Amino acid sequence: MILVTGGTGLVGSHLLLELTKKHVRIRAIHRPNSNLQRVFDVFALYLENPDEQYGKIEWVAGDICDIDSLFDVLDGVDYVYHTAADVSFKPGERLKLMDNNVGGTANMVNACLDKKIKKFCFVSSTAALGDSLQGGEITEDLLWTHS
């Protein structure tokens, strides 16, 4: 079975669409207040009958920031696609972003190691690399800064 975190987001919802085409067992974690209709709407953009493929997803409420909730979610899972992340460029949300994106990812990695998950795919963006103080090119070699 495959677990997808962040399945209600832009990348996660499109990943779920592609995974359901391959007829694999899929579980997706979502926050209790998530709008699952948005994921269905993504499926409807590409499929004439989105119900069939959308119905292949086992939705499970959970939070990557709550490591204890992840162990049950990972039962029976072999592969994880970790696409969950908060995105914001507001300076006042830095701590929230760090808690979710860094702490939540650490929780996912640690829970997956504990559960002996076969493969873990981490998805991120260049926003995770921060700003270049010199106004130059942002690469993976850049140390993270915030302005």
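The rules behind these values
Residues numbered from 1 in each chain as written. Predicted model: local features only at pLDDT ≥ 70, side-chain atom pairs only at ≥ 80, totals over all residues. Heavy atoms only, no water. Phe/Tyr/Trp six-rings, centres within 6.5 Å; stacked < 30°, edge-to-face > 60°. Helix = DSSP H or I, 4+ residues; strand = E, 2+ residues; numbered from the N terminus. Buried < 20%, exposed > 50% of the residue type's maximum accessible area, 1.4 Å probe, protein only. Pairing = 2+ DSSP bridges. Right-handed = clockwise from strand over helix to strand, strands pointing away. Core = buried A, V, L, I, M, F, W, Y, C linked by side-chain atoms within 4.5 Å. Contact = heavy atoms within 4.5 Å. Axes fitted to C-alpha atoms, helices over the stretch in contact; angles between N-to-C directions. Parallel < 35°, antiparallel > 145°, perpendicular 65-115°, else oblique. Left-handed = near helix turned anticlockwise from the far one by under 90°. Nonpolar A, V, L, I, M, F, W, Y, C, P; charged D, E, K, R; others polar. Salt bridge = Lys/Arg side-chain N within 4 Å of Asp/Glu carboxyl O.

### A few points about the packing of aromatic side chains
Alright, step 1. Counted according to the given criterion, the structure contains three aromatic pairs.
Alright, step 2. Measuring from ring centre to ring centre gives 5.4 Å for phenylalanine 40 and tyrosine 54, while their planes differ by 85°; the resulting arrangement is edge-to-face. Pair noted here: phenylalanine 40 is in helix 2 (residues 36-46) and tyrosine 54 is in helix 3 (residues 50-54), with a separation of 14 residues, a long-range link.
Alright, step 3. Under the relative-accessibility criterion, phenylalanine 40 is labelled buried at 19%.
Alright, step 4. Ring plane angle 90° and centroid distance 5.7 Å describe the contact between phenylalanine 43 and tyrosine 54, whose orientation is recorded as edge-to-face. With phenylalanine 43 in helix 2 and tyrosine 54 in helix 3, this pair connects stretches of sequence that are 11 residues apart.
Alright, step 5. Take phenylalanine 43: its relative accessible area is 0%, and that puts it in the buried class.

### Let's talk about the pairing of strand 2 (residues 26-30)
Alright, step 1. Of all the five residues making up strand 2, five are buried; the element is thus mostly covered by neighbouring parts of the structure.
Alright, step 2. What you see with strand 2 is no split at all: Ile26, Ala28 and His30 on one side and Arg27 and Ile29 on the other are buried throughout.
Alright, step 3. Looking at chain direction, strand 1 (residues 2-5) and strand 2 are connected through three bridges and run parallel. Looking across to strand 2, one finds that leucine 3 is bridged to arginine 27.
Alright, step 4. Considered for its hand, the β-α-β crossover made up of strand 1, helix 1 (residues 10-21) and strand 2 is right-handed.

### Digging into the nonpolar core
Alright, step 1. The biggest cluster of nonpolar side chains holds 15 residues, and the ones touching the most others in it are Val4, Leu16, Phe43, Tyr54, Ile57 and Trp59.
Alright, step 2. Elements that contribute at least two residues to this core include exactly strand 1, helix 1, strand 2, helix 2 and strand 3 (57-61).
Alright, step 3. Among the elements that take part in this core, helix 1 stands out by supplying four residues, more than any other.
Alright, step 4. Contacts of valine 4, omitting those with residues within four sequence positions, involve Gly12, Leu15, Leu16, Leu19, Ile26, Arg27, Ala28, Ile29, Tyr81 and Thr83.

### Some thoughts on the packing of helix 1 against helix 2
Alright, step 1. Orientation of helix 1 relative to helix 2, taken along the N-to-C sense of each, is 55°, at an axis distance of 9 Å. Comparing their axes, helix 2 and helix 1 come out oblique. The two elements helix 1 and helix 2 meet at a crossing, and its hand is right-handed. Across the interface between the two elements, Ser13, His14, Leu16, Leu17 and Thr20 from helix 1 touch Val39, Val42, Phe43 and Tyr46 from helix 2.
Alright, step 2. Taken together, the residues that form the contact of helix 1 with helix 2 break down as six nonpolar, three polar and no charged.

### Quick look at the environment of threonine 105
Alright, step 1. Within the secondary structure, threonine 105 is located in helix 5 (residues 94-114).
Alright, step 2. Judged by its relative accessible area of 13%, threonine 105 is buried.
Alright, step 3. Among all residues touching threonine 105, those that are not within four sequence positions of it are Ile64, His82, Asn100 and Phe122.

### Observations concerning the pattern of salt bridges
Alright, step 1. Applying the stated criterion across every chain yields a total of four salt bridges.
Alright, step 2. The shortest N-O distance in the salt bridge between lysine 21 and glutamate 18 comes to 3.1 Å. Highlighted residues: lysine 21 and glutamate 18, both in helix 1, separated by three residues, approximately one helical turn.
Alright, step 3. Overall, the relative accessible area of 38% leaves lysine 21 in the partly exposed class.
Alright, step 4. Since its relative accessible area comes to 39%, glutamate 18 is described here as partly exposed.
Alright, step 5. Here glutamate 58 makes a salt bridge to arginine 27, at a shortest N to O gap of 3.1 Å. Pair noted here: glutamate 58 is in strand 3 and arginine 27 is in strand 2, with a separation of 31 residues, a long-range link.

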